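In case you want the letters, here they are:
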Amino acid sequence: MIRRGERVGVAVSGGKDSLSLLDVLHRLSGGHGSHLVAISVDEGVSGYRDEALEHVKTAAAQLGVEHLTVSYKDLFGFSLDEALDWKEEVRDVTSCSFCGVFRRRAIDDAAEKAGVSVVATAHNLDDFIQTFVMNLLHGDVARLGWLDPSHADDSFAIRRVKPFMEIYEEEVALYAFQSGLPFQSVSCPYMHEGLRTEVRDYLNRMEADHPGMKNVLLRSSLDVISRYAAADSKASLRCSDCGRPSSSRLCNVCRMKATIKQHVNYTG
Ligand code: SF4
């Protein structure tokens, strides 16, 4: 996933997974913090992200890693709290689906700014299969190709990799505890709105009753995803607003920004 000597952006939210990833990549780099840039996104959720950002700041300083923070407010003109203020009126969109689209763009922007050639995110095995199942449950099969871990997007020069995608969430948690990493204790107030919590509980029950089931689902999902990714790569358009790659005339970020603009005092 990562080539020798590459400068790597590490998306670090301040949770156990991302701080473990930063720690592991720092060890694998032989302690050369200058090869890494920690990238944090401040979504603008009151009382939630501040503690996490402090943990990232401390960890990055201890490891000698540059730390770059970007905020939704600066990039898009609104905080997540402001963007979601009106959301009660819209039933078919979850807070996390909004947030995820903007976070991906924020990380891309920061990665370009930091001049890295690859961005590593801390998605673990559990995250990966949950997202796969959620896409199926939402009828979002067209997006399955986006999950392909080896999918190279020709229109975006920076590769995205998921070094923890074959590792169980509880193993990453064990690593974080054993390494004594201080990580965020507060949960995002929006996290239980979507389907993810139910899917996570279901998959945990399946794994408890049938050990190894999650691993089997990972293999099956990778097989399905690779077929969609092959089809996807042939359909790359450009967003008419921002010029970024898109599967339709307007990319998701610009489409959502347009929706938000109708509802909040938008300054972006
Ligand atoms: Fe964003 Fe959802 Fe994560 Fe909260 S839980 S930070 S809304 S993706």
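In case you missed it, the structure is sitting above this.
*Asks:* Please provide a residue-by-residue account of the environment of A11, values included.
*Replies:* Within the secondary structure layout, A11 lies in strand β1 (residues 8–11). Owing to a relative accessible area of 12%, A11 belongs among the buried residues under this scheme. Ignoring sequence-local partners within four residues, the contact set of A11 consists of S18, I39, I107, A120 and T121.

*Asks:* Please set out the sheet that holds strand β2 (residues 36–42) residue by residue, giving values where relevant.
*Replies:* Reading across the sheet, the five strands line up as β3-β2-β1-β4-β5 and stay open at both edges, with parallel pairing between neighbours. For this open sheet the edge positions go to β3 (66–71) and β5 (159–161), each flanked by a neighbour on one side alone. In this sheet, neighbouring strand axes are inclined to one another by 25 degrees on average, regardless of whether the strands run parallel or antiparallel. Sheet topology places β1 next to β2; four bridges connect them, and they run parallel. The residue of β2 that forms the bridge with G9 is V37. Those strands touched by helix α1 (residues 16–28) are β1, β2 and β4 (118–120), and its axis lies near 155 degrees from that of β1.

*Asks:* I'd like to hear about the site of the ligand, residue by residue, with values.
*Replies:* Within the structure, the ligand sits among E43, Y48, L80, C96, C99, R103, C188, Y190 and M191. Residue contributions to the shell around the ligand peak at three residues, all from helix α5 (residues 95–114). Of the residues in the shell around the ligand, the class split is seven nonpolar, no polar and two charged.

*Asks:* Before we move on, could you go through the packing of helix α6 (residues 125–137) against helix α8 (residues 196–209) and cite the residues and values that matter?
*Replies:* Look at α6 against α8: their axes get within 10 Å of each other, and the N-to-C directions meet at 115 degrees. At the point where α6 passes α8, the crossing takes the right-handed sense. Along the contact surface, α6 presents D126, D127, I129, Q130, T131, V133, M134 and L137, while α8 presents R196, V199, R200, L203 and N204. Residue composition of the contact of α6 with α8, by class: six nonpolar, three polar and four charged.

*Asks:* Kindly report on the layout of surface pockets, identifying the contributing residues and their values.
*Replies:* Size it by volume and the second largest pocket reaches roughly 330 Å³. If you trace the second largest pocket, you find 15 residues lining it, with I2, R3, L25, L28 and S29 closest to the centre. By residue number, the principal contributor to the lining of the second largest pocket is α1, which donates three residues. Partitioned by chemical class, the residues of the lining of the second largest pocket number eight nonpolar, four polar and three charged.

Quick notes on the rules
- Residues numbered from 1 in each chain as written.
- Predicted model: local features only at pLDDT ≥ 70, side-chain atom pairs only at ≥ 80, totals over all residues.
- Heavy atoms only, no water.
- Helix = DSSP H or I, 4+ residues; strand = E, 2+ residues; numbered from the N terminus.
- Buried < 20%, exposed > 50% of the residue type's maximum accessible area, 1.4 Å probe, protein only.
- Contact = heavy atoms within 4.5 Å.
- Pairing = 2+ DSSP bridges.
- Axes fitted to C-alpha atoms, helices over the stretch in contact; angles between N-to-C directions.
- Near = heavy atom within 4 Å.
- Nonpolar A, V, L, I, M, F, W, Y, C, P; charged D, E, K, R; others polar.
- Left-handed = near helix turned anticlockwise from the far one by under 90°.
- 1 Å grid on protein atoms, 1.4 Å probe; cavity = no way out; pocket = protein on both sides within 12 Å on 5 of 7 lines; lining within 4 Å.
- Points joined across faces, edges and corners; volume = space filled by probe spheres on them.

Without other data, these values stay purely geometric and don't point to any function.
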